[in-house]
Amino acid sequence: MNETNEVVAYYDDIADTYDESRFGNSYGEFIDAEERMILDQVFPSDKREKRLEIACGTGRLTNYATHGLDASVEMLAHAERRHENVVFRKASAEDTGFEDESFDAVYSFHLLMHLDPAFVAEIFKEVHRILKPGGRFVFDIPSKKRRHLLHHRQSSWHGGTEMSSDDISRLIGSDFSLNRSFGIMLLPVHKLPDRMRSSLLKRDFAMANGRMKEYSSYLVFELVKKGNSTAF
């Protein structure tokens, strides 16, 4: 079993309990809230766009999309029940099967962190292919600077890939421009008592998007495909 098959098998197995186990507690709710604060900024509800969510999973964040894609049939089953008006497809992130320049925007959360950097580069190529010129790619990745500061090393594929802004700049080359970035969770929320977490949400988000952004737990990047655009 190769790495990507292992990831898919893992999420097939936990699909029925994923939402409750990962986001049905105060820590998961904290991450979910900050992710939505970012998506609300980059995808305003009054803007009509054709958007694809790659690795949509159970559809937790698919309300921002018109299309959803995942390699796990079990996760997709949950997403399809949750979002009747979204078009879903079972496919791999590096080979989506969509036509060239199909989307105004593509986004993906909690995927790239599980994949080898070489595979991440293949996904970037595919996203570039299916985006319209001027289209945007929004994704998250664990912060390399945060992990190095805390001497944290992941021992398995799960969350094993980390990057910095400099890494992203090298990865995108001349295909994309880096429009802006965000931080998620600067405070050590996992060490705080449950009762304190919700009250610190806005403060943490402000801190995570200040001068210490690169030391947040996660970084979110908004890239723009270079070229002339009629979509924006």
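Residues numbered from 1 in each chain as written. Predicted model: local features only at pLDDT ≥ 70, side-chain atom pairs only at ≥ 80, totals over all residues. Heavy atoms only, no water.

Peer 1: Quick rundown of the packing of aromatic side chains? Include the residues and the values.
Peer 2: Inspection of the entire model under this criterion finds twelve aromatic pairs. Ring geometry for Y11 versus Y18: centroids 6.0 Å apart, planes at 70 degrees, classification edge-to-face. The interplanar angle of 35 degrees and the centroid separation of 4.9 Å between the aromatic rings of F137 and F139 together place this pair among those described as tilted. For F137, a relative accessible area of 1% translates into the label buried. (Phe/Tyr/Trp six-rings, centres within 6.5 Å; stacked < 30°, edge-to-face > 60°. Buried < 20%, exposed > 50% of the residue type's maximum accessible area, 1.4 Å probe, protein only.)

Peer 1: Give me the lowdown on the nonpolar core, citing residues and values where you can.
Peer 2: Counting 53 residues, the largest nonpolar core has I54, V106, Y107, F124, F137 and L223 as its most contacted members. The biggest single contributor to this core is helix α3 (residues 26-42), with six residues. The contact partners of V106, leaving out residues within four places of it in the chain, are L52, I54, V127, I130, L131, R136, F137 and V138. Ranked by size, the runner-up nonpolar core spans eight residues in total, among them A15, Y18, F23 and W157. (Core = buried A, V, L, I, M, F, W, Y, C linked by side-chain atoms within 4.5 Å. Helix = DSSP H or I, 4+ residues; strand = E, 2+ residues; numbered from the N terminus. Contact = heavy atoms within 4.5 Å.)

Peer 1: Summarise the environment of S216; cite the residues concerned and give the values.
Peer 2: Tracing the backbone through its elements, the reader meets S216 in the loop between α9 (201-208) and β7 (218-225). A relative accessible area of 0% places S216 in the buried class. Along the sequence, S216 and D194 sit 22 residues apart, while their C-alpha atoms lie 20 Å from each other. Residues within four places of S216 in sequence aside, it is in contact with S143, R146, G183, I184, M185, L186 and A208.

Peer 1: Hey, could you go over unusual backbone geometry for me, with residue numbers and the actual values?
Peer 2: Phi at A55 is positive, roughly 60 degrees, even though this residue is not glycine. Of note, A55 is situated in the loop between β1 (51-54) and β2 (67-70). With relative accessibility at 19%, the residue A55 sits in the buried group. In this model, H110 sits at a positive phi of 60 degrees, which is unusual for a non-glycine residue. Mapped onto the elements of the fold, H110 is located in the loop between β4 (103-108) and α5 (117-130). Look at H110 and you get buried, because its relative accessible area is 17%.

Peer 1: Can you tell me about the sheet that holds strand β5 (residues 131-142), naming the residues and giving the values?
Peer 2: Across the sheet, seven strands lie side by side as β3-β2-β1-β4-β5-β7-β6; this open sheet has mixed pairing. Looking along the sheet, the strands with just one partner apiece sit at the ends: β3 (87-90) and β6 (176-184). Averaged over all pairs of adjacent strands, the angle between their axes in this sheet comes to 15 degrees, without regard to strand direction. Where β1 lies against β2, three bridges are found, and the strand directions are parallel. Its bridge partner lying in β2, I54 is registered against L69. Where α5 meets the sheet, its contacts fall on β1, β4, β5, β6 and β7, and the angle it forms with β5 comes to roughly 150 degrees. (Pairing = 2+ DSSP bridges. Axes fitted to C-alpha atoms, helices over the stretch in contact; angles between N-to-C directions.)

Keep in mind these values describe shape, not function.
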